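Here are the chains, one letter per residue:
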Amino acid sequence: MKRLVAGLALAALFAAAPVWAGVVVKGSDTVLPLSQKQAEVYLQKNAEASITVIGGGSGVGIAGLIDGTCDIAQASREIKTKEERQAKQKGVDPVEIVIAKDALTVVVHPENPVKQLTMQQLSDIFTGIITNWKDVGGPNAPIVVYSRESSSGTYAFFREHVMGNKEYTSAALLAPATGAIVQSVSQTKGAVGYIGMAYLTEGVRALAVAKDAKGPFVQASAATALDGSYPVARDLYYYTNGAPKGEAKAFIDFILSPEGQKLVQDVGYVPIKPLSGS
């Protein structure tokens, strides 16, 4: 696979001190904008608190929790059995907290006439079996596949739930961040990639997805993620070492509060709890 180099910031530091202090949140690039927004609002309400939010991928965050370099690992996939064993060996007890839902969205260039794909067609494209858009009802043009890097939880989730754990095509271009996929697909007419729903922009177009050729083809949305009709919906997670305590617990409690869940919606993901006034 080839690697993309993108000048995109993977970290957002909300602590004023040059050395990280207070609560460190690390991991998923998908969850990153959500954690950033939550930290911004939380710190406006709690001026004495310190929250540092860093991207890098779900694997990086979970490794940080195991190594003790973060207090909260943010992840777009569940922790792996191998990671749980590593945690146990180091005396770490990962506790899973679902903070939101996402509809993992497959995107193409806006000028691409293809409007929908089945899960099998997606698997065949990302494994390299299908390499031309004409084979899925599009123009006679090569398909340019964009994927996240292997440390990404989205990479792992897509591989497991869409590709049946098959290997990605060796022609896939690997992006270090979701924003790089959005940018690349928006500039490449034959491109296809996958992104968290919150990253959707006018520069790319989301495809409807069906479980099989019989349909129905369903667009990614908050409603279809919640009712299960969109085939590639998923939970977004925080992991802590044991039950959260102190400032970490206060921050997570805020995210799960009606106000915090409204921020989930504002960022572009799907709340899992009632919003204020509902």
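Remember, it's a predicted structure, so these values are computed and weren't measured experimentally.

1. Focus: the overall build of the protein
Within the protein, the regular secondary structure consists of nine helices and 14 strands. The C-alpha atoms of the protein give a radius of gyration of 19 Å, which matches the 19 Å a tight globule of 278 residues would have. Expressed along its principal axes, the backbone C-alpha trace of the protein runs to roughly 60 × 45 × 30 Å. Taken across its 278 residues, the protein has 53% of its residues classed as buried. The contacts in the protein between residues at least 6 apart in sequence include a share of 74% that link residues at least 24 apart. Entry remark: accessible area of the protein is about 12200 Å², with carbon and sulfur atoms responsible for 51%. Separation of charge centres in the protein, based on 26 positive and 25 negative side chains, amounts to 5 Å.

2. Section: the packing of aromatic side chains
One pass over the structure, following the stated rule, counts nine aromatic pairs. For the ring pair Phe126 and Tyr168, a centre distance of 6.5 Å and an interplane angle of 80° mean the geometry is edge-to-face. One end of the pair, Phe126, is in helix α4 (residues 119-127); the other, Tyr168, is in the loop between α5 (153-161) and β10 (173-175), with 42 residues separating them in the sequence. A relative accessible area of 0% means that Phe126 is categorised as buried. Overall, the relative accessible area of 5% leaves Tyr168 in the buried class. Taking NZ or CZ as reference, Arg234 lies 5.7 Å from the ring centre of Phe157, over its face.

Reading the values: the criteria
Once a new chain begins, its residue numbering starts again from 1 and follows that chain's sequence as written. Confidence filtering applies because this is a predicted model: local features only for residues at pLDDT of at least 70, side-chain atom pairs given and counted only at 80 or more, and all residues used for totals across whole chains, interfaces and linings. For the side-chain quantities, the full set of heavy atoms in the structure was used; hydrogens and water were omitted. Helix and strand labels come from DSSP, where a helix needs a run of H or I of at least four residues and a strand needs a run of E of at least two; each type is numbered from the N terminus. As defined in this context, the radius of gyration uses C-alpha atoms, and a globule is described by 2.2 Å times the residue total to the power 0.38. For the exposure calls, accessible area comes from a 1.4 Å probe over protein chains only, and a residue counts as buried if that area is under 20% of its type's maximum, exposed if over 50%, partly exposed in between. Contacts are assigned to residue pairs with any non-hydrogen atoms lying within 4.5 Å of each other. Here the Shrake-Rupley method, with its probe set to 1.4 Å, supplies the accessible areas, and only the displayed protein chains count as covering residues. His is not counted here, nor are the chain ends, while Lys and Arg score as positive and Asp and Glu score as negative. All charge positions are set by atom: Lys at NZ, Arg at CZ, Asp at CG, Glu at CD. A pair of Phe, Tyr and Trp rings is counted when the ring centres sit within 6.5 Å of each other, with Trp represented by its six-membered ring. The angle between the planes then sorts it: under 30 degrees is stacked, over 60 is edge-to-face, the rest tilted. Criterion for a charge above a ring: Arg CZ or Lys NZ at most 6 Å from the ring centre, at most 35 degrees from the ring normal.

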